[in-house]
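Examining the three-dimensional arrangement
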Number of protein chains: 2
Amino acid sequence: MSADSKTGLQLRSLIKKSGELEISLLDIPTPEPSADEVVVRVEASPINPSDLGLLIGAADMTTAKASGTKDAPVITAKVPEAAMRAVAGRLDESMPVGNEGAGVVIKTGTSEAAKALMGKTVAMIGGAMYAQYRTIGAGDCLVLPEGTTPAEGASCFVNPLTSLGMVETMRREGHKALVHTAAASNLGQMLNKICLKDGVALVNIVRSPQQSEILRKIGAKYVVDSTSPTFMDNLTNALVETGATIAFDAIGGGKLAGQILACMEAAINKSAKVYSRYGSSVHKQVYIYGGLDLRPTELNRTFGMAWGVGGWLLFPFLQKIGMADAFKLRQRVVAELKTTFASHYTQVVSLQEALQLSHIAVYAKRATGEKYLINPNKGG
Amino acid sequence: MSADSKTGLQLRSLIKKSGELEISLLDIPTPEPSADEVVVRVEASPINPSDLGLLIGAADMTTAKASGTKDAPVITAKVPEAAMRAVAGRLDESMPVGNEGAGVVIKTGTSEAAKALMGKTVAMIGGAMYAQYRTIGAGDCLVLPEGTTPAEGASCFVNPLTSLGMVETMRREGHKALVHTAAASNLGQMLNKICLKDGVALVNIVRSPQQSEILRKIGAKYVVDSTSPTFMDNLTNALVETGATIAFDAIGGGKLAGQILACMEAAINKSAKVYSRYGSSVHKQVYIYGGLDLRPTELNRTFGMAWGVGGWLLFPFLQKIGMADAFKLRQRVVAELKTTFASHYTQVVSLQEALQLSHIAVYAKRATGEKYLINPNKGG
């Protein structure tokens, strides 16, 4: 750890042409802020599933090895040959990681907007947050309300705006209720709170009785367990009751997306009057926004012809709805930061600790209920 | 065959609750035309892939058996247990078959519109065309130009409007070129003629060198063979040259839809300036409009997050664009019926012949190049 803010550690992920992933900490000079920029001492940055894609790429972490020193640990792992095509664009480029974070402004540029932030606790989005210092535009900082810690504000953007974005997408595309998978996740719990507050029916799909329990406790009404032998019937019943015809799926791989479409179709056909060989004319949509299961998505197409499956990402969604509407969503997050949008972490680690194999083994699993927060200014 | 038009043979498909498919010919009274209706003696009706879904359902035709008499043949086959859910809506209901056809008006209702059709050769869409007589609304008849035979007009709707609909969808959704699979089919050849005429770049994906040859002969510029060891590279190159980001897929099952998306992404990234972990921001779309391969669709999701896969059907498309625009497409079909929209058949069969196991074995294969036309008034 550097003694002042002139240099600071930054986490880097590198995939070499040889097929080796290398994660390390570099001590790099902190860029001087331009007139409209500030320097933030980062004190909290979550490891979101969306960060893992860049952090460990498509590497096989069962091959991970530790080297380097305690202060400057290095992790290496092999990227399977078949996965190299997908990372072709980043080969031999050392990449900073960390989508969002929060910290305290310790230095500012000369503009009024920048100077006004001095000493303030701010939340940020924009990458390279797994670092002790982050130089960033003043306009890209969200000032947190008095009495909010960096840890409380670290996850201000990705999960809150993603869950709000799902409800918005549901409304804009003409659906009246939602389905969500991996539903006991931090994001899933947030989505439950939003839907309860907004009166939107939400069907939660989880993968264990324990996860059902987590959601029942926070008031979820529709929870179905995909490991239950009666999963398809339970899901169909929940879809009949709610009328949900749009789902957001964090799993991606395997049969789940197709099962959701099949159950939606079965639910719709329960009230159908005539047989149509092409299935119902009601459009059924699954958006895949994550890849917890890296296997191929398998659709058996037993759900008629009025269906769609596609990728969904927060930033294109925010661009599509425009600045004004996106700003409204951000305002709501700040207003409900300690209630609806509160995040819970199971571990707070330093940059060095984040590179310990024992921790990587936990967070790389992407397991529901395990959520890491990095504090780059915590002693290693 | 009945001696007059008071009764006529009609092909029926029935799936029993016991899991047995039964295809037979019923002699049924021809409904009297109401004021605005006419009776058409059907002389030509194609067996389109879209008809096979209703005709043989999900039955396993390797179990097909023939019984009955030469004049009243009966075909039975087993529907696999796993496929019964998909046909639940039609169980124990005897269903007429045949989406489109053409014939001569032999009797009319009392309205002026109906009477004006007497003796005319007309094309029709609306189901139940595998029948000797079809009573239908005068407004649902498309009068064919003088000198057009029923065989020439039998495929006026499904393939012509589907291929025109693909080009329209491409334009309306902001893409500049097209990909089509099973591209040497009747419909695929039609699509080539439209694209050549309209100056739209079309990437044809076929499954054999013979099919490539068929398309080269009619002037196709981009033809790639999915059985070639360099398929992925060939497709990517064609996508770089054409800029196609939308595909219409008749295959449905297996890896093809995902391969198309992966090649589109690779083609786009060839001109990318920076690495994005989420892939390109260009939306890539595959519409599945058929199911020549009944296996599940397998998407390996190596194509970023800006993608969609969905079902595409002619009638919802026509409804979406509205009456006026749909009428324009129909007008174009009639104007170019003997050129752009000419169909070719390898067999013309009677209703009885259509129920011979030797013929079923051919048309149920859905093989490119084999196209059947039923003439319900041809002697058996």
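A brief look at the structure comes next.

Conventions used here
Residues numbered from 1 in each chain as written. Chains lettered and ligands numbered in written order. Predicted model: local features only at pLDDT ≥ 70, side-chain atom pairs only at ≥ 80, totals over all residues. Heavy atoms only, no water. Helix = DSSP H or I, 4+ residues; strand = E, 2+ residues; numbered from the N terminus. Rg over C-alpha atoms; globule rule 2.2 N^0.38 Å. Buried < 20%, exposed > 50% of the residue type's maximum accessible area, 1.4 Å probe, protein only. Contact = heavy atoms within 4.5 Å. Areas by Shrake-Rupley, 256 points an atom, 1.4 Å probe, with all protein chains shown as cover. Salt bridge = Lys/Arg side-chain N within 4 Å of Asp/Glu carboxyl O. Axes fitted to C-alpha atoms, helices over the stretch in contact; angles between N-to-C directions. Parallel < 35°, antiparallel > 145°, perpendicular 65-115°, else oblique. Left-handed = near helix turned anticlockwise from the far one by under 90°. Least-squares fit on C-alpha atoms with pLDDT ≥ 70 in both. Pairing = 2+ DSSP bridges. Phe/Tyr/Trp six-rings, centres within 6.5 Å; stacked < 30°, edge-to-face > 60°. Disulfide = S-S within 2.5 Å.

Attention shifts here to the overall build of chain A. Helix and strand counts for chain A stand at 12 helices and 20 strands. Its C-alpha radius of gyration of 22 Å places chain A within 12% of the 21 Å reference for a compact globule of 380 residues. In terms of principal-axis extent, the alpha carbons of chain A reach across some 75 × 45 × 35 Å. Here chain A holds 380 residues, and 56% of them are scored as buried. Put simply, 71% of the contacts in chain A that link residues at least 6 apart link residues at least 24 apart. If you sum the accessible surface of chain A, you get close to 15800 Å²; carbon and sulfur atoms cover 55% of it.

Attention now moves to the pattern of salt bridges. Residues and elements named next belong to chain A. Overall, the coordinates contain 38 salt bridges over all chains when judged by the stated rule. A salt bridge links aspartate 293 to arginine 295, with the nearest nitrogen and oxygen atoms 2.6 Å apart. By relative accessible area, aspartate 293 is classed as buried at 16%. The structure contains a network of salt bridges with shared partners spanning Glu168, Arg171, Arg172, Lys197, Asp198, Asp325, Lys328, Arg332 and Glu336.

Packed helix pairs are characterised by how far apart their axes lie and by the angle those axes make with each other. All names here are of chain B. Viewed as axis vectors pointing N to C, helix H4 (residues 158–172) and helix H10 (residues 323–335) meet at an angle of 130°, and their least axial separation amounts to 10 Å. The orientation of H4 with respect to H10, classified from their angle, is oblique. The crossing of H4 and H10 is right-handed. Along its contact with H4, which presents Pro160, Leu161, Leu164, Glu168 and Arg172, the element H10 presents Asp325, Leu329, Arg330, Arg332 and Val333.

So, about the relation of the copies chain A and chain B. Placing chain A over chain B gives an RMSD of 0.1 Å and needs a rotation angle of 180°, together with 0.0 Å of translation along the axis. The transformation just described matches what one would write down for a two-fold rotation axis. The residues that chain A uses at the interface reappear at the interface of chain B in 100% of cases, marking a shared surface.

Successive side chains on a regular strand alternate, one facing one side of the sheet and the next facing the other. Residues and elements named next belong to chain A. Counting buried residues along strand S9 (residues 133–137), 5 of its 5 residues qualify, which places the element largely inside the surrounding structure. Here strand S3 (residues 37–46) runs beside S9; their pairing, made up of 5 bridges, is antiparallel. Across the sheet, the residue bridging to arginine 41 is tyrosine 133, located in S9.

Residues and elements named next belong to chain A. Counted under the stated rule, the structure contains 10 aromatic pairs over all chains. Taking the centre distance of 5.3 Å and the plane angle of 70° together, the rings of tyrosine 363 and tyrosine 372 count as edge-to-face. Connected via pairs of aromatic rings, a cluster forms that spans Phe248, Tyr287, Trp312 and Phe317.

Before going further, it helps to spend a moment on the sheet that holds strand S6 (residues 95–96) of chain A. Residues and elements named next belong to chain A. Across the sheet, which stays open at both edges, the 5 strands sit in the order S4-S5-S2-S1-S6 with antiparallel pairing between neighbours. The open sheet is flanked by strand S4 (60–68) and S6, the only strands paired with a single partner. Sheet topology note: the strand S2 (residues 20–29)/strand S5 (residues 73–78) ladder contains 5 bridges and is antiparallel. Across the sheet, residue leucine 21 finds its bridge partner in S5, namely alanine 77. Here helix H1 (residues 49–56) sits on the sheet in contact with strand S1 (7–15), S2, S4 and S6, set at roughly 100° to S2.

In this section: the sheet that holds strand S4 (residues 60–68) of chain B. Residues and elements named next belong to chain B. In space, the 5 strands of this open sheet follow the order S4-S5-S2-S1-S6, with antiparallel pairing throughout. Since the sheet does not close on itself, it has two edges, and those belong to S4 and strand S6 (95–96), each with one partner. Sheet analysis places S4 next to strand S5 (residues 73–78), joined by 5 bridges and oriented antiparallel. Pairing of glycine 68 across the sheet is with proline 73, part of S5.

On to the state of the cysteines, then. Here the structure, examined in full by the defined rule, presents 0 disulfides over all chains. Cysteine 195 of chain A carries a free sulfur, and the closest cysteine sulfur to it, the one in cysteine 263 of chain A, is 20 Å from it. Judged by relative accessible area, which is 3%, cysteine 195 of chain A ranks as buried. Free of any disulfide, cysteine 156 of chain B has its nearest cysteine sulfur in cysteine 141 of chain B, 12 Å distant.

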